[in-house]
Amino acid sequence: MRFVFDEQKSAEAAAYLLRLADGPLPQIKLLKLLYIADRQALKETGYPITGARMVSMEHGPVLSQIYDRMTLGDARETPWSLYIRPPRDFEVSLRIEPEWLNLSDYDRDLLGLVWERFGAMDRWALVRLTREFPEWTDPIGSSVDIDPAVILREAGWPEAEIRAAAENAEGIRALHTILAAS
């Protein structure tokens, strides 16, 4: 099951969490909070907030494209670089607030709940927590894709609903491909 990565929405989600933090956050903490939010949205709706590919890495699961934006940077101007300052001493901060046009009320409410529940935890507590998630496997120095269906099964979704969610995600990917080509 693969989703369409929405860079604008991802940048807004990160900016929203940074706004709630009212200051910089360690990169790894922001990565974990975004992963937890995507995971919860997936369990509740069958679709994550960001659409980023979920992977297991040494310090637990992360959202691959967001990890890349945060750690590798990009020479071109992107929504990420517009809203989020490049890491300094392994911390990221808000550059400017977006207009919040891509986050739904549900997205903002869920991000707020994630912040309320996990925002006070330090980065290493979040690493330990996410390494306990059933979908995480030790990648032994690399990264391993996480199948979102594993998260849905763990959440008690029936197989027919998991298949329907996968078909929905594939339909959205196909539509996105058609629209991108036109």
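Residues numbered from 1 in each chain as written. Predicted model: local features only at pLDDT ≥ 70, side-chain atom pairs only at ≥ 80, totals over all residues. Heavy atoms only, no water.

As for the overall build of the chain
Logical step 1: For the chain, the helix and strand inventory stands at eight helices and five strands.
Logical step 2: Of the regular secondary structure in the chain, the N- to C-terminal order runs α-β-α-β-β-α-α-β-α-α-β-α-α.
Logical step 3: In terms of overall dimensions, the chain is globule-like: its C-alpha atoms have a radius of gyration of 16 Å, near the 16 Å expected for 182 residues.
Logical step 4: Projected onto the principal axes, the alpha-carbon positions of the chain cover approximately 45 × 40 × 30 Å.
Logical step 5: Evaluated residue by residue, the chain yields a buried proportion of 46% over its 182 residues.
Logical step 6: Here the contacts in the chain between residues at least 6 apart in sequence split such that 73% fall between residues at least 24 apart.
Logical step 7: By element, 50% of the accessible surface of the chain is carried by carbon and sulfur atoms, the whole surface being about 9,600 Å².
Logical step 8: Taken together, the 21 basic and 29 acidic charged side chains of the chain have centroids lying 3 Å from each other. (Helix = DSSP H or I, 4+ residues; strand = E, 2+ residues; numbered from the N terminus. Rg over C-alpha atoms; globule rule 2.2 N^0.38 Å. Buried < 20%, exposed > 50% of the residue type's maximum accessible area, 1.4 Å probe, protein only. Contact = heavy atoms within 4.5 Å. Areas by Shrake-Rupley, 256 points an atom, 1.4 Å probe, with all protein chains shown as cover. Lys, Arg positive; Asp, Glu negative; His and termini not counted. Charge placed at Lys NZ, Arg CZ, Asp CG, Glu CD.)

Overview of the environment of asparagine 102
Logical step 1: Note on placement: asparagine 102 falls in the loop between β4 (91-92) and α5 (105-118).
Logical step 2: With a relative accessible area of 34%, asparagine 102 lands in the partly exposed category.
Logical step 3: Note: C-alpha distance between asparagine 102 and threonine 50 (52 residues apart in sequence) is 10 Å.
Logical step 4: With residues up to four places along the chain from it excluded, the contact list for asparagine 102 reads Gln8, Lys9, Glu12 and Asp107.
Logical step 5: One polar contact links asparagine 102 to glutamate 12, side chain to side chain, over a distance of 2.9 Å. (Polar contact = N/O pair within 3.5 Å; in protein donor to acceptor, adjacent residues only side chain to side chain.)

Remarks on the environment of isoleucine 36
Logical step 1: Relative to the helices and strands, isoleucine 36 resides in helix α2 (residues 27-45).
Logical step 2: Here isoleucine 36 falls in the buried class, since its relative accessible area comes to 6%.
Logical step 3: Along the backbone, isoleucine 36 and alanine 15 are 21 residues apart, and their C-alpha atoms lie at a distance of 15 Å.

Here we look at the packing of aromatic side chains
Logical step 1: Within this structure, the stated rule accounts for three aromatic pairs.
Logical step 2: Look at phenylalanine 3 and tyrosine 47: their rings are 4.7 Å apart centre to centre, the planes differ by 75°, and that puts the pair in the edge-to-face class. Taken together, the residues span a long stretch of sequence, with phenylalanine 3 in the segment before α1 (7-21) and tyrosine 47 in the loop between α2 and β2 (54-57) at a distance of 44 residues.
Logical step 3: Classification of phenylalanine 3 by relative accessible area gives buried; the value is 9%.
Logical step 4: Pairing tyrosine 35 with phenylalanine 133 gives two aromatic rings, centres 6.3 Å apart and planes at 25°, and the pair type is stacked. Separated by 98 residues along the polypeptide, tyrosine 35 in helix α2 and phenylalanine 133 in the loop between α6 (123-131) and β5 (144-145) bring together distant segments of the chain.
Logical step 5: Tyrosine 35 sits in the buried class, given a relative accessible area of 0%.
Logical step 6: Relative accessible area serves as the criterion here: at 11%, phenylalanine 133 is assigned to the buried category.
Logical step 7: Between the NZ or CZ atom of arginine 39 and the centre of the ring of phenylalanine 133, over which it lies, the distance is 3.8 Å. (Phe/Tyr/Trp six-rings, centres within 6.5 Å; stacked < 30°, edge-to-face > 60°. Lys NZ or Arg CZ within 6 Å of the ring centre and 35° of its normal.)

As for the pairing of β2
Logical step 1: Relative to strand β3 (residues 60-63), β2 runs antiparallel, the two sharing four bridges. Pairing of methionine 57 across the sheet is with glycine 60, part of β3.
Logical step 2: Turn length for the β2-β3 hairpin, with the two strands adjacent in sequence and antiparallel, is two residues.
Logical step 3: Direction of pairing for β2 relative to β5: antiparallel, over a ladder of two bridges. Each residue of the ladder has a partner; that of valine 55, found in β5, is aspartate 145. (Pairing = 2+ DSSP bridges.)

So, the environment of aspartate 122
Logical step 1: Summarising the element assignment, aspartate 122 is placed in the loop between α5 and α6.
Logical step 2: Taking C-alpha positions, aspartate 122 is 9.8 Å from isoleucine 28, a pair spaced 94 residues apart along the chain.

Concerning α2
Logical step 1: Taking 1.5 Å of rise per residue, the 19 residues of α2 would be expected to cover 27 Å, and the 27 Å separating its terminal C-alpha atoms lies within 8% of that figure.
Logical step 2: Burial analysis of α2 places 15 of its 19 residues in the buried class, which makes it a mostly covered element.
Logical step 3: Backbone geometry just after α2 places glycine 46 at a positive phi near 85°. (Expected span 1.5 Å × (residues − 1).)

Looking at the sheet that holds β5
Logical step 1: Pairing is antiparallel in the open sheet, where three strands are placed in the order β3-β2-β5. Strands at the two margins of the open sheet, each flanked by one partner only, are β3 and β5.
Logical step 2: Here helix α3 (residues 64-72) sits on the sheet and contacts β2 and β3; the angle it forms with β3, its principal contact strand, is near 80°. (Axes fitted to C-alpha atoms, helices over the stretch in contact; angles between N-to-C directions.)

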